[in-house]
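Next come the chains, spelled out residue by residue.
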Amino acid sequence: MRPIIGPRFTNRQLPWQSLSHPLPETGVYGAEQALHWAGLDYPVFKDPLYAGTGAAQTHLPDRFAVTRDTNPGKQILGIVGRDYTILQNMDLADALDRSGITDRFPVHSVGIMRGGALVFICLSVGSTEIMGDAYQSYLLIINGHDGSTAATISYTPVAIDCTNALFRGVKAATAVLSLTHGKHINQLLAEATQQTIPETAASLHDGARNSLRRMAHRTLNAGQVQRVLWDVFPTPPKPAPYKYIQGLDIEVQATAAGQRETSYQSAVERAAALRRQADILYTRFNDTRPFNRGTAYALYQALTELALHREGPSAKGKEDQVAVSVMVGSRAAEMGRAWKALEQIAA
């Protein structure tokens, strides 16, 4: 496997920056104004689904498509059930503005992922210092229209010198708020924005800083380092033996069985390669930051850098997959596993 991280700190940017619509430098923007300025104030619809074609179409009573109008036609963002309730982007923005949160924490940037299935608003919380490193903190708000992503608000500090975001993903413990798309989502959001978010953000800010300080004072032995690396990049479970089906072409099934085994071996090799790369980065942090040498803090920095900045798909149409993975996918999960393992060791 080729080196997967280039020169350190070269052309670094925020994890979500490639997907963002940065706002003009002048003026302070509320969430509604920012979405409108970026053209992200589009409505989303819950449309009935049908199976079949022409006169043979059958209505599917419990399945719906979440769509947005595009030119031409409509774009399907996700498939949902009867009880799914849409949270419109502008309703979310209105709730944030009405609560005063965007007065206290101004909008930094907004953007979309997966063609509009996910919309995010980034609020600037302010600067702080953690273990001698300068950080800029953000609230990252994501609204999902894909049927599987909740509306979430997460806290993340970002190291200014290397743009390592010390967040654990929107599904991990940095979540200030997570609301599934049930019938009461708008009411719950209104209550939460008035009562929960500022206090929880402040608590997470203090909690993350204290956890990182404990990590910085916890020296790891070689066995603990390897155990964390295996926790973050485990060997995938071996798939069940392929079951041949009588009456189907044997050669076709043998090819399918071989492809399954090849895919599994590739996943095993990739996990091993990521563990090696993380170990290399950990050594680099130990060499360049001797005051944190051998600590849980250094290992978390290494694992975060690997998740945020290793190379990803470069093919046309796939350039943004890394940013999406960092925010809501497998790379976010990596950071979650890393934080959990190292926080437990440092406790």
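Just so it is clear, the structure is predicted and the values come from calculations on it, not from any experiment.

**Student:** With reference to specific residues and values, describe the overall build of the protein chain.
**Tutor:** If you tally the helices and strands in the protein chain, you get ten helices and nine strands. Within the span of the protein chain, comprising 347 residues, buried residues form 48% of the whole. When contacts within the protein chain are restricted to residue pairs at least 6 apart in sequence, those whose partners lie at least 24 apart make up 63%.

**Student:** Tell me about the sheet that holds strand 3 (residues 58–69), and please be specific about residues and values.
**Tutor:** The strands making up a sheet are joined through hydrogen bonds of the backbone, oriented either antiparallel or parallel. Taking strand neighbours across the sheet as the criterion, the three strands line up as 2-3-4 in an open arrangement whose pairing is antiparallel. Looking at the sheet topology across the chains shown, the edges are occupied by strand 2 (45–51) and strand 4 (74–81). Going across the sheet, the axis of each strand differs from the next one's by a mean of 45°, ignoring polarity. With seven bridges joining them, strand 3 and strand 4 adopt antiparallel strand pairing. Pairing of Asp69 across the sheet is with Lys74, part of strand 4.

**Student:** Describe in detail the confidence of the model for the protein chain, supporting the description with residues and values.
**Tutor:** With 82% of its residues at a pLDDT of at least 70, the protein chain reaches an overall mean of 80. For residues 167–173, every residue scores under 50 in pLDDT, and the model assigns this stretch 26 contacts once sequence neighbours within four places are set aside.

**Student:** Describe in detail the nonpolar core, supporting the description with residues and values.
**Tutor:** Generally speaking, a soluble globular protein has its nonpolar side chains buried in company with each other. Of all hydrophobic cores here, the largest spans 38 residues; its most connected members are Leu96, Val107, Val110, Ile121 and Leu123. Judged by nonpolar contacts, the second largest core, of 34 residues, contains Ala216, Leu274, Tyr297 and Ala298.

**Student:** Any details on helix 2 (residues 89–99)? Residues and values, ideally.
**Tutor:** Residues of helix 2 that are buried include every one of Asn89, Leu92, Ala93, Ala95, Leu96 and Ser99, and no others. Viewed end-on, helix 2 has its buried residues packed into an arc of 160°, placing them on one side of the element. Phi for Gly100, located one or two positions after helix 2, is positive at around 85°.

**Student:** An account of the pattern of salt bridges is requested, with residue identities and associated values reported.
**Tutor:** On inspection of all chains with the given rule, the structure shows seven salt bridges. A salt bridge links Arg82 to Asp62; its shortest N-O distance comes to 2.8 Å. Linking Arg82 in the loop between strand 4 and helix 2 with Asp62 in strand 3, this pair joins segments that are 20 residues apart in sequence.

**Student:** Could you give an account of the environment of Ala347, with specific residues and numbers?
**Tutor:** Summarising the element assignment, Ala347 is placed in the segment after helix 10 (330–346). Each C-alpha atom, one on Ala347 and one on Arg214, is 7.0 Å from the other, the two residues being 133 residues apart in sequence.

**Student:** Please provide a residue-by-residue account of unusual backbone geometry, values included.
**Tutor:** Even without a glycine there, the phi angle at Arg114 is positive, about 50°. The residue Arg114 is located in the loop between strand 5 (107–113) and strand 6 (118–130) in this model.

**Student:** Go over the pairing of strand 2, please, and point to the residues and values.
**Tutor:** Relative to strand 3, strand 2 runs antiparallel, the two sharing seven bridges. Residue pairing in the sheet places Leu49 in a bridge with Leu60 of strand 3. Counting the residues that bridge the hairpin from strand 2 to strand 3 gives six residues, and of these Gly52 lies at a positive phi of roughly 95°.

**Student:** Could you give an account of the environment of Asn221, with specific residues and numbers?
**Tutor:** Mapped onto the secondary structure, Asn221 falls in the loop between helix 5 (197–216) and helix 6 (222–232). Between the C-alpha atoms of Asn221 and Gly294, which are 73 residues apart in sequence, the distance is 7.8 Å.

**Student:** Can you lay out the packing of aromatic side chains for me, pointing to particular residues and giving the numbers?
**Tutor:** The final tally for this structure, using the stated rule, is one aromatic pair. When the ring of Tyr300 is compared with that of Trp339, the centres are 5.3 Å apart and the planes differ by 80°; the resulting orientation is edge-to-face. Of the two residues, Tyr300 sits in helix 8 (residues 296–309) while Trp339 sits in helix 10, which places them 39 residues apart along the sequence. Take Tyr300 and Trp339: they sit in the same class, and that class is buried.

Scoring rules and cut-offs
- Counting starts from 1 at the beginning of each chain's written sequence and moves along it residue by residue.
- It should be noted that, the model being predicted, local features are given only for residues of pLDDT at least 70 and side-chain atom pairs only at 80 or more, the latter also being counted only at that level, while totals for whole chains, interfaces and linings use all residues.
- Note that water and hydrogens are dropped before the side-chain values are worked out from all heavy atoms of the structure.
- Secondary structure elements follow DSSP: runs of H or I no shorter than four residues count as helices, runs of E no shorter than two count as strands, and numbering proceeds from the N terminus.
- Only protein chains enter the accessibility calculation, which uses a 1.4 Å probe; a residue is then buried when its area is under 20% of its type maximum, exposed when over 50%, and partly exposed in between.
- Working rule for contacts: check all heavy atoms of both residues, and any pair within 4.5 Å makes them a contact.
- Two strands qualify as a pair provided DSSP detects at least 2 bridges between them.
- All axes are obtained by fitting lines to C-alpha atoms, using only the stretch in contact for helices, and the reported angles, taken between N-to-C directions, cover 0 to 180 degrees.
- Values of pLDDT, which run from 0 to 100, indicate the predictor's confidence residue by residue.
- Joining through side-chain atoms within 4.5 Å is the link that ties buried Ala, Val, Leu, Ile, Met, Phe, Trp, Tyr and Cys residues into a set, and such a set is a nonpolar core.
- Summarising the geometry, the arc corresponds to the directions from the helix axis toward the C-beta atoms.
- Each reported salt bridge corresponds to a side-chain nitrogen of Lys or Arg within 4 Å of a carboxyl oxygen of Asp or Glu.
- Stacked, tilted and edge-to-face pairs are distinguished by plane angle, under 30 degrees for stacked and over 60 for edge-to-face with tilted covering the rest, among Phe, Tyr and Trp rings (Trp via its six-membered ring) whose centres lie within 6.5 Å.

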